[in-house]
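Reading the structure
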Amino acid sequence: MKKITTLLALLLALTSYSQIKLSGVVKDSIGSPLELANIVAINQDTKALESYAISDTKGFYKISLGKNGTYKIQLSYIGMKSIDFVLETKEIGINKDFVMVLDNSLDTVELTYEMPVTIKGDTIIYNADSFKNGSERKLEDVLEKLPGVEINDDGQIEVDGNTVQKLTVNGKDFFDGDSKLATKNIPSNAVDKIEVLRNFSEVNQLRNVTNNSDNVAINIKLKEGKENFWFGDVTVGAGSAPSPNDNLYLVQPKLFYYSPKASINVIGDINNIGEPALSNRDVRNFGGGFRSPSRDSGTNLNLGNNGLSGLTTSANAQKVESKLLATNFSYAPNPALDLSGFIIYNTTRLSTRQESFIRYTDPELGIPDEETVNTGKEASDQGLAKFSVAYKPNGNNQLEYDLLGRLSKDSERQTEISSIIGTTAQLDEVTPYSINQNLSYYYTLNENNIFALEAQHLYSNEDPFYNAILNNNPANNDFGIDNDPLTDDADAYDETAEQLGLDRSLDFYSLGQDQLVKTNQLDAKLDYYNILNSKSNINISLGTIFSRQEFNSSIFQFLENGATQDADPNIEDAEGNILDVGSENDIMYNFSDIYVSTRYNLRVGKFTFRPGLSFHAYGNQNTQFGTKYEDNFFRVLPEFEARVQFKKSESLQFNYRMSNQFTDVTNLAEGLVLNSFDNLSYGNSELQNGLSQTFSLFYRSFNLFNNTNVIGRLSYTKNEDQIRNDTGFESVVSTSTFFNSPFADESFSAFGRWQKTFGKFRTTMGGNFNYSLSNQFINGVQSKNESFTQTYTPEIRTNFREAPNVSLRYQYSVTDTDQGTRNTKIIRNSPSINFDAYIWDAVTFSTDYAYTNQSVAGESESFQTWSARLGYRKDRDAKWEYEIRANNILNIDANINNNVGTFSVVNSATFLQPRFVTFRVIYTL
């Protein structure tokens, strides 16, 4: 840590080397200070923007200039005559005040450069060219250089700590606002302005009556000439892999068309080098812009996900083949009607390998440590289609309808070699589909009364199939006197097989399980907003959630002749009942919530208060094994928000919310279910809701005067009556059930980030602290699991226009976990460097290097990643570019990861693609 601090100090010292300060006050003709006046300095030798500043509330400004230089200084302010003069600097700072006068004519000085950053109300506008140096290729390359904007580890855009919810291009939806698809594919040379819209509302009629404080959107404005014709690029590449039979290829056309009435975006991808335009996990998480009407009601209903959530990311695979075709369109035949939609087809094939060492936390349980080697092949075929209609005949009416269909076919074949169980072959398959519809209508009766209707319906069908094949020696099925498979001759899985009632006379155990989960849900809400006066309004909502889920599962055994027979378990639940696994494991689950809520919005000076209260009538009913369980109850849920707006770009916000957590049908099914061959579970029909209370404090400051951006967040959550697992073990095979824990779980988190720009250097210091207290249950015995993680992330990045740029980042984290019987400390050090240079207006070179070291209980392991790119184009406007890329230059076999689970500590090595080099040709339209 000391080395990093020293490095940052040296780099900061460089920023002030050979520089002086030009400072002063900007006033109007009567001596009043002018806030947000723009001051730019253009280097007369290079004709490039040297520095810029914005005056503060007292009219004060300060910019950095080089010593002994000549600069053109330009001042501008809306409604005032611009000031333009040439300044020669010496060895000392200069103090200069300015008086600006009203401008009643159109004759103003033409500004040579636009301000890199301007603020208009809740909108921050970045001039993209001010942050480019020529090495950028995609939108994300520009966004990473903007102050206050981050690209997180999931590829999503964050502004002021909030994830961007929607991204548009020239005001038109880009694949319903998916920011990752935009950042990876929109060419940087087409981007003119990047508009960050804070307090964003998609419905103009509700902008002043709804709480949008955490809503952020981004609009990309294209450069002139990028409208009314196609633009984009086409990349074709090839290379050789270490294996002579695996030739590498890449074809990625990315084409865009925008006009005032229509837009079309086409993104294609065929490659086997691990660079998918959109991964299978990205497609699975693609929401299509849907937001549930009950999102703020205080009711959280988990509908579950029975797909193959374990599918690996492309970065953690040894071999990747991907194909994608995605097209997005919008068309406005007239100003009142807007039609839009998209179609996405994605297919991915992955080969994976992972080696793990698992240490269980309670030695008294007698669970042996386990080593596993997993090799797998994953296949995913996914299709999505959406059609949307928006009709706005006038400012008082808005009608929207959306239809989203989703279909996929996923499979995962895996071979696991366990030091305890032996070799197991597994197959997971699922072909789920869903149809989601949304209807919204907004009506403004008059200036004081607004109505809003939102309704959403979801139908989904999931049919996962699971098969596991384990070796068996029918000659040694006896457990012996002590009935211990670890010390006797029996196979490690024999005892579990006996409990499942399998035929143990075969040379193998072939377990199969079919499941079917159908979901029907209606979520609807009617809102009434009454604007009492210019500073207050009241909102009354009447809403409902109706959900119906059907679940069925069966466990069976494949015999040698291909026939099957149902499992016949002798496993008992907590009440001594034998668990069923056959066709009777059938359940119908109905959930309902009818609620009325009211919220009051009051602004008093710098303060805004939003107290709220919701009244809920809940109904739960599930029927299984001929028995009906029913639970109807009433609950009041309060909420409160207070915000103080110190300045236009500085605020402090407090939130409190109480919410109810409800589970899905799979946790209610009392029959036995195979999560995997070594993880069995059965549900509890009498599960009730959990109660959650969350307190949060959020501070935000974006100061353009001193180029400083600060955000901080504190959050505390207390969960009561949460659904927890009670797990028992037979060797490493676990059987768990669910119940409402009488012990509360708690979590506390603190996050902060300070970012400041010094001339061409941007420094960032981030810190993250997380504490959690959860209760775990093994064989009915409760113990506490406490975890505290602290993470520090200093970073410094340059933004030179003519010189090479470098980004230095260091991440240091410590995780301390006390699981009652074992304390585990994991220390992670991860320095990284990114270097890019654009030289001779023709050659681009960039490289990324990262080193990661992880220490567990004093034992350290490390891995490194290194990639590089070298490109040539005749000049900045050239149509053709030629690239050589090298991935995994050090030919690292695997990356290392250590984590602490509920019952174990896992050290794993995930194997990667070997080193390879590709040659690419890019043609820009």
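What you see is a predicted model, and the numbers here were worked out from it, not measured in a lab.

**Some details on the overall build of the protein chain**
Of the regular secondary structure elements, the protein chain holds five helices and 53 strands. Expected size for 925 residues packed as a compact globule is a radius of gyration near 29 Å; at 31 Å, the protein chain falls within 12% of this value. For the protein chain, buried positions account for 51% of its 925 residues. For the protein chain, the share of sequence-separated contacts (at least 6 apart) that also reach a separation of at least 24 residues comes to 66%. For the protein chain, the exposed area adds up to about 41,400 Å²; of that, 52% sits on carbon and sulfur atoms.

**Side note on the sheet that holds strand β12 (residues 157–159)**
Read from one edge to the other, the open sheet built from three strands follows the order β11-β12-β13, with strand pairing classed as antiparallel. Of all strands in the sheet, those bounded by a partner on one side alone are β11 (149–151) and β13 (162–163). Sheet analysis places β11 next to β12, joined by three bridges and oriented antiparallel. Looking across to β12, one finds that E150 is bridged to E158.

**Considerations on the confidence of the model for the protein chain**
A residue-level look at the protein chain finds 92% of positions with pLDDT of 70 or above and a mean pLDDT of 86. The spread of mean pLDDT over the elements of the protein chain runs between helix α1 (residues 2–16), the lowest at 46, and strand β28 (residues 449–462), the highest at 96. A low-confidence stretch, residues 1–17 (pLDDT under 50), is modelled with 16 contacts involving residues beyond four sequence positions or located in other chains.

**Here we look at the nonpolar core**
Core analysis: the largest hydrophobic core is formed by 52 residues, its most contacted members being Y126, L139, L167, F174, F175 and I194. Take this core: its biggest share by element is four residues, from strand β17 (residues 216–222). In terms of nonpolar packing, the next biggest core, distinct from the first, is built from 30 residues, I420, L470, Y509 and V733 among them.

**Comments concerning the side chain of N272**
Considering the arrangement of structural elements, one finds N272 in the loop between β20 (262–271) and α4 (280–284). On the basis of relative accessible area, N272 is assigned to the buried category, the value being 10%. Within the local environment of N272, its side chain forms a polar contact with the backbone oxygen of N247, the two atoms lying 3.1 Å apart. Polar side-chain contacts of N272 include one of 2.8 Å to the backbone nitrogen of Y249.

**Topic: the pairing of strand β5 (residues 70–76)**
In summary, the side chains of a regular strand alternate between the two faces of the sheet. For β5, a buried count of five out of seven residues is recorded, marking the element as mostly surrounded by other parts of the structure. Between β5 and strand β6 (residues 83–88), which pair antiparallel and follow one another directly, the connecting turn spans six residues, one of which, G79, has a positive phi of 85°.

**Structural notes on the pairing of strand β46 (residues 805–818)**
The pairing of strand β45 (residues 781–798) with β46 spans ten bridges and is classified as antiparallel. The partner of T791 across the bridge, within β46, is S813. Between β45 and β46, which follow one another and run antiparallel, lie six residues. Across 14 bridges, the pairing between β46 and strand β47 (residues 823–839) is antiparallel. Opposite Y812, over in β47, you have N829 as the bridge partner. Counted along the chain from β46 to the antiparallel partner β47, the turn is four residues long, and its residue G820 has a positive phi close to 90°.

**Some words on the environment of N632**
Here N632 is to be found in strand β35 (residues 627–647). Residue N632 is classed as exposed on the basis of its relative accessible area, which comes to 54%. Along the backbone, N632 and D514 are 118 residues apart, and their C-alpha atoms lie at a distance of 32 Å. Not counting residues up to four positions away in its chain, the partners in contact with N632 are Y618, G619 and N620.

**What about the environment of E802?**
Positionally, E802 belongs in the loop between β45 and β46. Sequence-wise, E802 and E786 are 16 residues apart; in three dimensions their C-alpha atoms are separated by 51 Å.

**Focus: the sheet that holds β17**
Spatial strand order, β9-β10-β16-β17-β14-β15: six strands in an open sheet with mixed pairing. A strand with exactly one partner marks an edge of an open sheet, and here the two such strands are β9 (117–120) and β15 (172–173). Relative to β17, strand β16 (residues 191–198) runs antiparallel, the two being bridged by seven bridges. The partner of I194 across the bridge, within β17, is I220.

**Describing the side chain of T918**
Residue position: T918 is located in strand β53 (residues 916–924). T918 gets classed as buried once you look at its relative accessible area, which sits at 3%. A polar contact of 3.1 Å, which involves the side chain of T918, links it to the side chain of R920. Beyond its immediate chain neighbours, meaning those up to four positions away, T918 contacts A238, G239, L248, I273, E883, I884 and R885.

**Some remarks on the environment of N477**
With respect to the element layout, N477 can be found in the loop between β29 (465–471) and α5 (494–500). For N477, a relative accessible area of 12% translates into the label buried.

**Some details on the packing of aromatic side chains**
A full pass over the atoms with the stated rule returns 30 aromatic pairs. Relative to Y716, the ring of F695 has its centre 6.2 Å away and its plane inclined at 35°; by these criteria the two rings are tilted. Here F695 is found in strand β39 (residues 690–703), whereas its partner Y716 is found in strand β40 (residues 708–720), with 21 residues between them in sequence. Exposure remark for F695: the relative accessible area of 32% places this residue in the partly exposed category.

**Regarding the pattern of salt bridges**
Per the stated rule, a full pass over the model turns up 25 salt bridges. One salt bridge connects R920 with E275, and the closest N-O pair in it is separated by 2.8 Å. Of the two residues, R920 is situated in strand β53 and E275 in the loop between β20 and α4; the sequence distance between them amounts to 645 residues. The class of R920 is buried, set by a relative accessible area of 3%.

**Some remarks on unusual backbone geometry**
With phi around 55°, D721 is a residue other than glycine that occupies positive phi space. Inspection of the secondary structure puts D721 in the loop between β40 and β41 (723–730). A positive phi is found at N888, a non-glycine position, where the angle reads about 50°. Turning to its location among the elements, N888 is positioned in the loop between β50 (880–887) and β51 (894–900).

Cut-off values and rules
Residues numbered from 1 in each chain as written. Predicted model: local features only at pLDDT ≥ 70, side-chain atom pairs only at ≥ 80, totals over all residues. Heavy atoms only, no water. Helix = DSSP H or I, 4+ residues; strand = E, 2+ residues; numbered from the N terminus. Rg over C-alpha atoms; globule rule 2.2 N^0.38 Å. Buried < 20%, exposed > 50% of the residue type's maximum accessible area, 1.4 Å probe, protein only. Contact = heavy atoms within 4.5 Å. Areas by Shrake-Rupley, 256 points an atom, 1.4 Å probe, with all protein chains shown as cover. Pairing = 2+ DSSP bridges. pLDDT = per-residue confidence, 0-100. Core = buried A, V, L, I, M, F, W, Y, C linked by side-chain atoms within 4.5 Å. Polar contact = N/O pair within 3.5 Å; in protein donor to acceptor, adjacent residues only side chain to side chain. Phe/Tyr/Trp six-rings, centres within 6.5 Å; stacked < 30°, edge-to-face > 60°. Salt bridge = Lys/Arg side-chain N within 4 Å of Asp/Glu carboxyl O.

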